[in-house]
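Here is how the chains run, residue by residue.
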Amino acid sequence: FVSLSLIPTILLFLVAVGFITNSVEHWFSAQVEQSLQGSLEVAQTYYRDFASSTVSTAKQISKPLSKQGMISGSREMSLLREQLEARRQEHHLSTLGIFLKGEKKPIGVEDPVLKPVSLHLPKDLLDAGFSGKEGSRILSVGEGELITGIAPIFSPSEGGEVVGIVVASHFVPKSLTAKMHEIS
């Protein structure tokens, strides 16, 4: 009698455990998947917005430089560096710089809280800027990523020729970028 009642009970128990485990896994896997997908979309939107913001900021800074024309000389460069620092702080940028046509080294300022970040742009991004185009790019640096936007500086007197590029960047720490890459 015990075996006749015990065997169906054990069988029923095993089927119930399998059913419940399978159901719970499906409930939670769908919720987790939706949460991860939502998190990834938030991160991608964050990057897109910062990329758009850096291009817009670079454009705002390049317009008055295009109207007044680029200056040369150590005193003027010192004044320009001060103006760049003021604009960097005003727009809450991590780095802000100007690449002048024919010059190898950019004029730049950066957030003193950051470890030194060099303003090295890929050749294709520099070429795009010097051809008069605006754009953005995410650049990997030692401790994270720079979301970088560029805008050309035009010469007021030489028929609108591009004489430089304004480069504006926001720094995203490695801790945040690692989390985003982990989600995707």
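Here, every reference points to the structure presented above.
Only a predicted model underlies this, so the values are computations on that prediction, with no experimental measurement involved. (Residues numbered from 1 in each chain as written. Predicted model: local features only at pLDDT ≥ 70, side-chain atom pairs only at ≥ 80, totals over all residues. Heavy atoms only, no water.)

A.B. asks: Just to check I follow, could you spell out a nonpolar patch on the surface for this structure?
C.D. replies: On the surface, Val2, Leu6, Ile10, Phe13, Leu14 and Val17 cluster together into a nonpolar patch covering about 590 Å² of accessible area. Mapped onto the elements, isoleucine 10 comes out in helix H1 (residues 2–68). Overall, isoleucine 10 belongs to the partly exposed group, its relative accessible area being 44%. (Patch = residues over 30% accessible without salt bridge, like charges linked within 9 Å, V, L, I, M, F, W, Y side chains within 5 Å. Areas by Shrake-Rupley, 256 points an atom, 1.4 Å probe, with all protein chains shown as cover. Salt bridge = Lys/Arg side-chain N within 4 Å of Asp/Glu carboxyl O. Helix = DSSP H or I, 4+ residues; strand = E, 2+ residues; numbered from the N terminus. Buried < 20%, exposed > 50% of the residue type's maximum accessible area, 1.4 Å probe, protein only.)

A.B. asks: In this structure, what is going on with helix H3 (residues 123–130)? I would like to understand it.
C.D. replies: What sets the pattern is the α-helix's 3.6 residues per turn: residues three or four places apart point alike. Among the residues making up H3, those that are buried are Leu125, Leu126 and Gly129. Relative to the axis of H3, the buried residues are bounded by an arc of 100 degrees and lie together on one face. Where H3 ends, the next residue or the one after it, glycine 132, has phi of about 100 degrees, a positive value. (Arc of directions from axis to C-beta.)

A.B. asks: Help me understand the pattern of salt bridges, please; the structure alone is not making it clear to me.
C.D. replies: One pass over the full model with this rule turns up six salt bridges. A salt bridge links aspartate 124 to arginine 137; the nearest nitrogen and oxygen atoms lie 2.9 Å apart. Highlighted residues: aspartate 124 in helix H3 and arginine 137 in strand E3 (residues 135–141), separated in sequence by 13 residues.

A.B. asks: Where do I start with the packing of aromatic side chains in this structure?
C.D. replies: The description of an aromatic ring pair rests on the distance of the ring centres and on the angle between the ring planes. Taken as a whole and judged by the stated rule, the model has two aromatic pairs. Ring geometry for tyrosine 46 versus tyrosine 47: centroids 6.1 Å apart, planes at 70 degrees, classification edge-to-face. Of the residues examined, tyrosine 46 reaches a relative accessible area of 36% and is grouped as partly exposed. Aromatic pair tyrosine 46 and phenylalanine 50: ring centres 4.9 Å apart, planes at 85 degrees, arrangement edge-to-face. Of this pair, tyrosine 46 and phenylalanine 50 both sit in helix H1, four residues apart, roughly one helical turn. Using a relative accessible area of 23% as the deciding quantity, one classes phenylalanine 50 as partly exposed. Pairwise contacts between aromatic rings join Tyr46, Tyr47 and Phe50 into one cluster. (Phe/Tyr/Trp six-rings, centres within 6.5 Å; stacked < 30°, edge-to-face > 60°.)

A.B. asks: Sorry if this is basic, but what is going on with the sheet that holds E3 here?
C.D. replies: Judged by pairing direction, the sheet is antiparallel, and its five strands sit side by side in the order E2-E1-E5-E4-E3 without closing on themselves. Lying at the two open borders of the sheet, with one neighbouring strand each, are strand E2 (107–110) and E3. Recorded for the sheet is a direction-independent mean angle of 20 degrees between the axes of neighbouring strands. Where strand E4 (residues 144–154) meets strand E5 (residues 162–173), 11 bridges bridge the pair, whose relative direction is antiparallel. Note on E5: the bridge partner recorded for isoleucine 147 is histidine 170. The strands touched by H3 are strand E1 (95–100), E3, E4 and E5; relative to E5, the strand with the most contacts, the crossing angle is about 135 degrees. (Pairing = 2+ DSSP bridges. Axes fitted to C-alpha atoms, helices over the stretch in contact; angles between N-to-C directions. Contact = heavy atoms within 4.5 Å.)

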